[in-house]
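What follows is each chain in one-letter form.
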Amino acid sequence: MHATLPLLQATEFPALRRRALEVLQVSLGYKCNQTCVHCHVNAGPNRTEMMDSETLTLIPQVLAARDLHTLDLTGGAPEMHEGFRDLVRAARAQGCKVIDRCNLTILFEPGQEDLAEFLATQQVEIVASLPCYSLDNVDKQRGKGTFDKSIAAMQKLNALGYGQPDSGLTLNLVFNPQGAALPPDQASLQADYQRELFEHFGIVFNQLFAITNMPIQRFGSMLISKGQFNDYLRLLKENFAAANLDTVMCRNLVSVDWQGFLYDCDFNQQLELPIPGQGRPHLRDLLQQELQDHPIQVAGHCYGCTAGQGSSCGGALKEESLAK
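Report on the accompanying structure.

### So, the nonpolar core
Logical step 1: Grouped together as the largest cluster of nonpolar side chains are 59 residues, with contacts concentrated most on L24, I59, L173 and Y193.
Logical step 2: Other than its neighbours up to four places away in sequence, L24 contacts I59, V62, L63, L68, T70, L71, D72, V254, V256, L283 and L286.
Logical step 3: In this structure, F13, V248, C265 and L271 belong to the second largest nonpolar core, which totals 29 residues.

### What about the packing of aromatic side chains?
Logical step 1: Enumeration over the complete set of coordinates arrives at seven aromatic pairs.
Logical step 2: For the ring pair F13 and F240, a centre distance of 6.0 Å and an interplane angle of 75° mean the geometry is edge-to-face. Separated by 227 residues along the polypeptide, F13 in the segment before β1 (23–27) and F240 in the loop between α8 (229–238) and β7 (253–256) bring together distant segments of the chain.
Logical step 3: With a relative accessible area of 8%, F13 lands in the buried category.
Logical step 4: In this structure F240 comes out as partly exposed when scored by relative accessible area, which is 29%.
Logical step 5: Aromatic ring contacts, followed pair by pair, group F13, F240 and Y303 into a single cluster.

### Here's the deal with the pattern of salt bridges
Logical step 1: Scanning all chains against the criterion turns up ten salt bridges.
Logical step 2: Among the salt bridges present, the one from E196 reaches R195, with a minimum N-O distance of 3.2 Å.
Logical step 3: The exposure class of R195 is partly exposed, given its relative accessible area of 36%.
Logical step 4: The partner of R234 in a salt bridge is D231, with the nearest N and O atoms 2.7 Å apart. Of this pair, R234 and D231 both sit in helix α8, three residues apart, roughly one helical turn.
Logical step 5: Taking relative accessible area as the criterion, D231 reaches 47% and is therefore assigned partly exposed.
Logical step 6: A cluster of three or more residues bridged by salt bridges with shared partners is formed by D192, R195 and E196.

Parameters and conventions
- Residues numbered from 1 in each chain as written.
- Predicted model: local features only at pLDDT ≥ 70, side-chain atom pairs only at ≥ 80, totals over all residues.
- Heavy atoms only, no water.
- Core = buried A, V, L, I, M, F, W, Y, C linked by side-chain atoms within 4.5 Å.
- Buried < 20%, exposed > 50% of the residue type's maximum accessible area, 1.4 Å probe, protein only.
- Contact = heavy atoms within 4.5 Å.
- Phe/Tyr/Trp six-rings, centres within 6.5 Å; stacked < 30°, edge-to-face > 60°.
- Helix = DSSP H or I, 4+ residues; strand = E, 2+ residues; numbered from the N terminus.
- Salt bridge = Lys/Arg side-chain N within 4 Å of Asp/Glu carboxyl O.

This is the structure in structure tokens:
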């Protein structure tokens, strides 16, 4: 796989500093039941990196020590970690909102037959990947048969109350572009998703998050192979919107890798760009210290979060600004 960091380090991206920490985003490992073209963590069935039990036990302690109210679980497929359910129970018992970044097809993996019911019982917010509402586009990006399984999974979640009005069970979907392009307008695309999924499959959901593909890892390597990397980075830079700097996710989120080390965001984690001036801070360090006002490590890929309508783990930044 082609290295992308050397092409991103020289940058004029503006300096940023952290605000008060609000969200702990934890990667439980890189093992996944899918191998997606756009995946920025290069996850897949053959990856073996998974968080150990000692590091896992630090997570509820940090949530309490820093008075955090949101635990965002990702991977790989976070549900494939054997400690996933105990961690969810512990965080929910502390009153934290838990987000599961779910690929939907995981609901049909062996041993996960009751996963949907577990998530509903624990009132876990689901953020589910669905790159399009058509079979051809989804299967092209995520593998043959993925679309049909994703539809069946959403129908199962809907039957449990997810996405239904006043159920308290949130189902959000994630859109990623097929290639080297910015996402379309999030609000318009959400309306298309809602119409098509309901008319053809009777599916309902809460929100659609349109997320820009980052020029790193598997997607960045593909761009290099196709000779599109520089053009894509130029597209991101030309669409830079300074207003988005106020709401980029690195201002109030910290990303934790499978070994417990801290990064400003999930993308910096994959590039192994540490939090500036901190050596190599670990989850255990958050038991004693704050990160507020610390500088944020930036590079060329940061234009992906600020281009056009902006992009974060919660979708378009302009949408977020309007909602506040």
